[in-house]
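A look at the structure
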Amino acid sequence: GALAGRHYLTMRDKSFQTIHSLLFEFNLDQLPSQYVDALWRGEDVSAFQDLALGDLRHGLLQELIQSFGSLIEEENAGNFWTYITERQISLKQLISWIHQGLIEKSVRSFQISQLYLLMLQLPGHSTQQAFHPFVFRVLLNLIKNWKTAQVAETEKEMSMAKQNKRKKSSKKGVPAKKLKGSNKNQTEESEDETEESDGPSEDGLCEIPVEVALNVMKRLQDFLKVFSFEKHPDSRNHLIEVLVNLTRFHEGTESSRKKKSEENAPKLTKLAFDNLTTILSSKAEDADSVSNLSSILKHLLPSILMSEGTSGATVPKHLLLVRQYALHFVKTLVAQEDQSFWDPIHAFLQHICTDVPEKAEFRTYGCRAVEEVYNCLPSSEHPRFVKFLERSSRNAKSAIRLFSIELSCLLLCSMEESQSVEAGPKPFMHILVCRASDKVATVRAKALASIAVIFQEALNNAPLAQRIKSTFTMQGASDKDKTDILSLLRRRMTDDKCNVRRSALQVLEIVEIIGHEAKSSTMFLSKKDLSIFKEACYDSAVSIRKQAIASLMELMNHFSSSSVLCAVFLDALLPMIMDVESSVQDKCVDAIQEFLLNRIAKNEDSAWLLLQNLDSNNLLYLQKICALLGKQKRFSKGLVHSLQNEMESPKHQYGCWLLLAEVASFSASAMDHKAVLKFWNSIKDSSADSMSVIQQKVLKVLECLAPRVSSSAAERLAQDLLNRLKTFKAPPALVQSFVQTLAQLEKCQESSEVGSWSAELLSLCDEALAAIVLPMASTVDLDATTGRPMDMDAIAADPDRIIRYLFTMGEISQTCPKSVPKRLVTVVQALISPVLSQDLKSAQQSVIGMPGVRAHAFLALGKLCLEDEPLAKKCIPAFARELETSDYPVVRNNIIIVMCDLCIKYTGVVDKYLPTLAVCLRDSNDVVRRQTLILLSRLLQESFVKWKGTMFYRFVVALVDPCKEIREFCKYCFTHLLATKNPLMFYTYFMETVFHLNDYKQHSVYNQFPQTEKDRSTFYLGGANNRDHRMSIYRIFLTNMTEEQKFQTTAKICQEVLGGIVDGHLPLSGINELLHDCFQILQSKEIKLKSSKKAVDDEDEEAAVAAAKEKILTKIVKKNVLENIVPIIIEMKHLLEKNHSPLIKDLMEYLIDMMKDYKDEIEDILVADKQLATELQYDLKQWALKKKQQLMSPMKNAKRNPLLSPVSASPRPEIANFSVPKIRTGLTPLPNPDNRRNSNLLSPFRQVNGSRLSLSTSPKSAQLDHVVVASPATLTPNGRRQWRVELQDSKALSFDDDPPVKEKPAKKSRTTKSKKVSVAKLR
């Protein structure tokens, strides 16, 4: 044992002696005592930075490091401190020497760092106070500065590489002058960089290899395992900050100059995270792991959010790598399931939710980070975070609400089935549904889009669908819940923001799919819901129209067997071929080909169901679509064969021939003409009304197949059609098909003379009509079988035959205009004359005087005029005269059609009669008004008609037509068809419209159009009875104006009308209605700027520019109101008061409305004129009292009359909620206060501190909810009665007769939930 003890002492003495001898070479005594004392006292030692340690023997530091490393492993290493004290080695001098070596920032500094960290691992170092916070901070800063130098060097190399690249490219393409300037700038930049990088410290650190820094990091990790920072919290925080900084990469650092650095860069990051883990897992008894974790997470937050070093909207790649390492570190900590970690982890997640940058890509990565950490948490911790997420969804900042929506969507899609009820899908869906009604449009759109994403995911994810169906009332819910959801989506479809409407449309589409598949209710896929998609097809935004088409196509993919859906699909989709946007037209054409033509080629039942639901009103649209497809050669042979196979099927016959008639002109070579002829022979003698349309389509197909029909078959068919025309028994629709087919057949037969059959038919028409019109021809014979003249009485008894004569003659005249006899033209002209029938027999008079005959005579004459310009010039005045005088709507309707067709061909001739056509917009018949509106809109759209004279204002009146269909169509024409050609139309014509509708002619510029008294009275909308109609027109105009146009319109109204009255240019007599309209327009919500009503929260650059533009415009508007409008209004007020004008009411209402928006600004203006301010305040106060008395009077009448219900006696909501600035409101005296029990004596609908008094017609049932009258009335010194009212909460309120006192506002309840989200602090 004694030998062993001596051996131990020998070994200890040997290690100590070695270290002592090595330390002796440091020459510690050479350090100034002032420096040592100042450092030890923690004072500033910057004055001693020039001290030099001197040259050390090569390998000295490395030997000392190895000696300390060996000593640490020995059992009694703590005796080292006693040993060096006995050998008179000053610890203060040693620590000072180490500090001086660290500030050198060289390779030796890193070796000294290792030495110091090894010394701190020796037992007993705390007793000797070997740990010096200032020295430790210098050590950490050495590592930090080395990292900064490495990054700076890398960035410098990358900058030089970019400059060299620019030089090469500039030498090739940039002119010499520009190249010279660019080289100068590049030189200056390089000089600046050189100056910034000058200094021995940075140059030295740049050359230090990464391995040296890695060795220090390893020694630091060993040190952290045995050291506690309880007494040094600042050192601990600085250590964490430096370590987190080392985990972050910078652009180019992973691809630095040396290959070793490229390999070791991840090692440095790994060592930094290992050191952070060591800090948390320290076994020291006094280690505060929770505080350490909070500090670490606080410094890691920028790495997770990638908020440092980014300026653009995209995330750099190196930041994604930094985020990946940091997130992995956090997930590793969560996986330890240490309960003491949950509070810092929750605080960390909350800070991510509130501090994420307001950019889309950063927000997405932030959501993913929270989702990954959230899924690593135990399920017991999920409800805690969900509650925070619910609070954050109600935060005042829209960016936080937006993040909560995205996160809710992500967590819901990644949710596991084992989630608890509190953290299940219901809270997340509740957040999304609530935010769908957010005040910010971006948040509303994002919430709806997230719901759509979830439901779209649920379609392909059965577990997710099962969780959502029960939550979002798709299954097992009442019809009331489903109605609430659908009503929410319907409301969002009327939102003023395009993104919100599009998102709502997407949600409605998926809700319909899931709801109908669940078969939980018949409410889904109803005609009411599908009509929303139809209305969306006519939305003003192109994206909404495209989305509506896409949604209908998706619904057709799932429910193609629904007859209701097929009908809505066709009604909504086919008219889109007329859309002004070509991309919408293409989408419409593609949809018809996919769901109709391609499926017919495959003989699917859904396609035939579509054809069965085809409405005749949409047939023209289908024809246009087929024409486009035919020009693009997109008709397949399979389609033609499938149609031919089904053309004789009674079930598919109708739809089959509808398509064949359109396909035949482009795919005639693929059709079997013999089969078509055979089918025609089988149906040609049918007289059923249902077969009439099929016969027309078959004849159209034969017309297209005429070149392929053999000569003999063509002759037989032509003769058959001619014989049928000679009988004049076919309806007009078939007559047109007969004539066109016959003309095509004769044209294709080379041996026949073109026009022979037309001359024969026109001769028969001439003889029959002349026998009726001309007095000389008393009787004629016309046999039905032979086509020869028959008895006149038979003709008079059948006016339909006369109509067929006229119609046949008109169709033939367009096909063969040269074959028309001159006498026939005269006869047709005679038929339209109303006085001709007086010279004829009774039978002739009865025929010619019938409205139907005269109406067809006008059509026939119009067809003759289309081919004869001299005849048209003679007849157009007669058409216009008859249009004004005719009593028959059918005649007026046909004349309008004729004149509009003539306007296209002879524009100059019809142009002067356009006012006569415009008068028909106020015709007594709805059909005539609708026809006029349609035809004139077409002429305006195609520029055949211009907005001349009063034409525009005639159209404007149609916006308030008694017929709803005409009103809506007129609005559509204005906003979608005509406004696209003239975007400034509403702004340009607004002021003129205001004057014209009020029929005010005293202005020198406006409403100076010449018009007859009859036209003026016809379109008159002036007077008090038409105020609502005029305001409806104004609202449509203002709704379609831009913000700048609204501002300019406001200025025009104030300048032209209000300013004109104040300046004396416009007399007050006869201007009441005009001035009333102006005040109503100025206070309407449509003319106010959107920026002044709603917050703007958009992300893209265009939206930001628009928001800035609106902000500037708002300031301009406010300045205009204060400097121009307010003075005019005040002058106008004095003028109206002086003249005792009833318009003072309108002015006061506008003034009160202005005070709401610009209360503070107007008060600032009136500060200079206190007298005016006092008068204005007094007037507003008196006006409010007057309005209050007017509102109270019907209530008193209701009390006197017990038959009047409280509901009917209540004031209008918009007036009841009306508040006037600086007007005191209070109670009026309560009658008979001594009778406390008889509460029915109280005035109805009084309010005390917000409590409402109930109104009852029975004294026994009348009660006062929260008020008790406690004392009788007393007289005040000024002779007024005063009562005291005590509330149930022991509060009292006193009030007098006059004036009423101002009530104190009720205190807010403490239980009210705050909208601010409280986020735990990361200390």
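What comes next is a walk through the structure. Note that the coordinates shown come from a computational prediction; the quantities given were computed from them, not determined experimentally.

**Let's talk about the overall build of the protein chain**
- The helix and strand tally for the protein chain stands at 61 helices and 5 strands.
- Here the protein chain holds 1323 residues, and the buried ones make up 48% of them.
- By sequence separation, contacts in the protein chain at least 24 residues apart represent 71% of the contacts at least 6 residues apart.

**Observations concerning unusual backbone geometry**
- One non-glycine residue with positive phi stands out, namely Asn603, at about 60°.
- Among the structural elements, Asn603 can be located in the loop between helix H28 (582-601) and helix H29 (605-612).
- Here the phi dihedral of Ser943 falls at roughly 65°; this positive angle occurs in a residue that is not glycine.
- For Ser943, the position within the fold is in the loop between helix H47 (926-941) and helix H48 (951-957).
- Since its relative accessible area comes to 33%, Ser943 is described here as partly exposed.

**Let's talk about the pattern of salt bridges**
- For the coordinates displayed, the defined rule picks out 41 salt bridges.
- The closest approach of N and O atoms between Glu406 and Lys446, which form a salt bridge, is 3.5 Å. One end of the pair, Glu406, is in helix H19 (residues 398-413); the other, Lys446, is in helix H21 (residues 441-460), with 40 residues separating them in the sequence.
- What makes Glu406 buried here is its relative accessible area of 12%.
- Since its relative accessible area comes to 29%, Lys446 is described here as partly exposed.
- With a shortest N-O distance of 3.9 Å, Lys873 and Glu869 are connected by a salt bridge.

**Section: the packing of helix H40 (residues 822-831) against helix H42 (residues 851-866)**
- Interaxial distance between H40 and H42 falls to 8 Å at its minimum, and their mutual angle equals 140°. By the angle class used here, H40 and H42 are oblique. Relative to H42, H40 is oriented so that their crossing is left-handed. Contacts between H40 and H42 involve Val825, Val828, Gln829 and Leu831 from the former and Arg854, Ala857, Ala860, Leu861 and Leu864 from the latter.
- In terms of residue class, the contact of H40 with H42 is made up of 7 nonpolar, 1 polar and 1 charged.

**With respect to the side chain of Lys1046**
- With respect to the element layout, Lys1046 can be found in helix H54 (residues 1043-1063).
- Filtering out sequence-adjacent residues up to four positions away, Lys1046 remains in contact with Leu1038, Met1041, Glu1086, Ile1087 and Lys1088.

**Re H19**
- With 16 residues, H19 should cover 22 Å at 1.5 Å per step; its first-to-last C-alpha distance of 23 Å lies within 8% of that length.
- For H19, a buried count of 14 out of 16 residues is recorded, marking the element as mostly surrounded by other parts of the structure.

**Considering the environment of Val640**
- Tracing the chain through its elements places Val640 in helix H31 (residues 637-646).
- For the pair Val640 and Ala601, spaced 39 residues apart in sequence, the C-alpha to C-alpha distance is 7.6 Å.
- Setting aside residues up to four positions removed in sequence, Val640 forms contacts with Val663, Ser667, Ala670 and Met671.

**Focus: the packing of aromatic side chains**
- Here the structure, examined in full by the defined rule, presents 35 aromatic pairs.
- Geometrically, the ring pair formed by Phe995 and Tyr1000 is tilted, given 6.1 Å between the ring centres and 45° between the ring planes. Summarising the burial analysis for this pair, Phe995 and Tyr1000 share the class buried.
- An aromatic cluster is defined as three or more aromatic residues linked by ring pairs; in this entry it consists of Trp947, Phe952, Tyr953, Phe955, Phe974, Phe986, Tyr989, Phe990, Phe1009, Tyr1034 and Phe1037.
- The ring of Tyr365 has Arg368 lying over it, and the distance from NZ or CZ to the ring centre is 5.5 Å.
- Sitting over the face of the ring of Phe807, Lys863 holds its NZ or CZ atom 4.3 Å from the ring centroid.

**Section: the environment of Leu699**
- Within the secondary structure, Leu699 is located in helix H34 (residues 689-704).
- Here Leu699 falls in the buried class, since its relative accessible area comes to 0%.
- Considered as a pair, Leu699 and Val739 are 40 residues apart in the sequence and their alpha carbons are 10.0 Å apart.
- In this structure, Leu699 is in contact with Trp680, Leu721, Leu734, Ser737, Phe738 and Thr741, ignoring residues within four places of it in sequence.

Rules of the game
- Residues numbered from 1 in each chain as written.
- Predicted model: local features only at pLDDT ≥ 70, side-chain atom pairs only at ≥ 80, totals over all residues.
- Heavy atoms only, no water.
- Helix = DSSP H or I, 4+ residues; strand = E, 2+ residues; numbered from the N terminus.
- Buried < 20%, exposed > 50% of the residue type's maximum accessible area, 1.4 Å probe, protein only.
- Contact = heavy atoms within 4.5 Å.
- Salt bridge = Lys/Arg side-chain N within 4 Å of Asp/Glu carboxyl O.
- Axes fitted to C-alpha atoms, helices over the stretch in contact; angles between N-to-C directions.
- Parallel < 35°, antiparallel > 145°, perpendicular 65-115°, else oblique.
- Left-handed = near helix turned anticlockwise from the far one by under 90°.
- Nonpolar A, V, L, I, M, F, W, Y, C, P; charged D, E, K, R; others polar.
- Expected span 1.5 Å × (residues − 1).
- Phe/Tyr/Trp six-rings, centres within 6.5 Å; stacked < 30°, edge-to-face > 60°.
- Lys NZ or Arg CZ within 6 Å of the ring centre and 35° of its normal.

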